Amino acid sequence: MKIRQISEHVWSLRTWMLIPIHVWVVVDEEGVTLVDAGLSMMAKGILKFIDQLEAGPLQRIVLTHGHSDHVGAVKKIVEATRVPVYAHRIEIPYMEGDLPYPGRKKATPLVARQLSQALPEDDQGKNLSIGGLTPYLTPGHSPGHVVYFHEEDGVLLAGDLFTSKKGKLYRPIPMFTADMKEAVKSSSIVRKLQPKRLEVCHGDSVMLPTEHLDEYIQKTTDKYIK
């Protein structure tokens with residue numbers, strides 16, 4: 001597993017399984033937040049790195065969404081640490097197997113029932129900051145997909161909202177994306193937040209992603225949205 005510090009408070013941990021798979025470790029004054037949990041085989045390496053970082057204990061796992069390559073190590077990490085797991089309330093019934101993901105014929109439980117809990121919200125349903133990160137609902141790839149913005153570092157952890165190639169934004173993998181039109185609509189969060197750096201699960205860093213957004217929207221709309 002390759003480990004790289006990408007900003008003052010954020011580290012990227014990457015493995016390969018035909019394509020790159022990233023998770024992120026974020027440090028704040030309370031300890032460590034893990035963003036996504038990759039594949040099951042990553043659990044040992046994730047826990048070892050957090051221990052070596054000596055930035056405090058793991059406090060929580062927050063998920064961009066519940067697909068198998070984002071929740072694979074959740075069970076092992078929770079067994080070792082007993083930390084809470086958070087996802088958007090819209091996503092939980094899909095990842096727990098109560099509802100089939102759009103485009104799938106049957107519901108499949110990907111995490112144990114009641115293992116996860118809803119990301120905190122205010123009275124208007126707006127997600128509250130957690131572990132130095134602010135979640136934003138960005139549906140399309142999955143119904144309850146969220147991205148996490150580290151405002152202090154200017155880093156947007158975008159999960160599968162995009163993939164990337166050669167420092168530019170590319171569409172999420174079509175066969176696993178429930179609604180490409182909605183995913184493209186959700187990409188406008190980049191213009192709203194103006195991050196300095198954007199990280200995706202499947203791909204490399206995109207610097208100043210707002211500069212690439214119009215081209216991304218046009219190309220993806222022309223190719224995938226009729």
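Quick look at the structure, then. (Residues numbered from 1 in each chain as written. Predicted model: local features only at pLDDT ≥ 70, side-chain atom pairs only at ≥ 80, totals over all residues. Heavy atoms only, no water.)

1. Focus on the environment of V147
How we decide: Here a helix means four or more residues in a row that DSSP labels H or I, a strand means two or more in a row labelled E, and each is numbered from the N terminus. The cut-offs for exposure are 20% and 50% of the maximum accessible area for each residue type, with area from a 1.4 Å probe on protein chains only; residues under the lower value are buried, those over the upper are exposed, and the others partly exposed. Contacts are assigned to residue pairs that have any heavy atoms within 4.5 Å of one another.
Its place among the elements puts V147 in strand β9 (residues 146–150). By relative accessible area, V147 is classed as buried at 0%. V147 sits 53 residues away from V200 along the chain, and the two C-alpha atoms are 9.7 Å apart. Residues contacting V147, with those up to four places away along its chain left out, are T134, P135, Y136, T138, L156, L157, A158, L161 and I189.

2. Notes on the pairing of β9
To keep it simple, the criterion reads: One bridge is not enough; two strands pair if DSSP finds at least two bridges between them.
Burial within β9 is extensive, with five of its five residues counted as buried. Both faces of β9 are covered, namely the face carrying V146, Y148 and H150 and the face carrying V147 and F149. Sheet topology note: the strand β8 (residues 134–137)/β9 ladder contains four bridges and is antiparallel. Across the sheet, T134 pairs through a bridge with F149, a residue of β9. Here β9 runs beside strand β10 (residues 155–157); their pairing, made up of three bridges, is antiparallel. By the bridge assignment for β10, H150 is matched with V155. Linkage of β9 to β10, two consecutive antiparallel strands, is achieved through a turn of four residues, within which G154 is found at a positive phi near 70°.

3. Details of unusual backbone geometry
In this structure, K166 is a non-glycine residue whose phi angle is positive, near 50°. Along the polypeptide, K166 turns up in the loop between β11 (163–165) and β12 (168–170). A relative accessible area of 86% places K166 in the exposed class.

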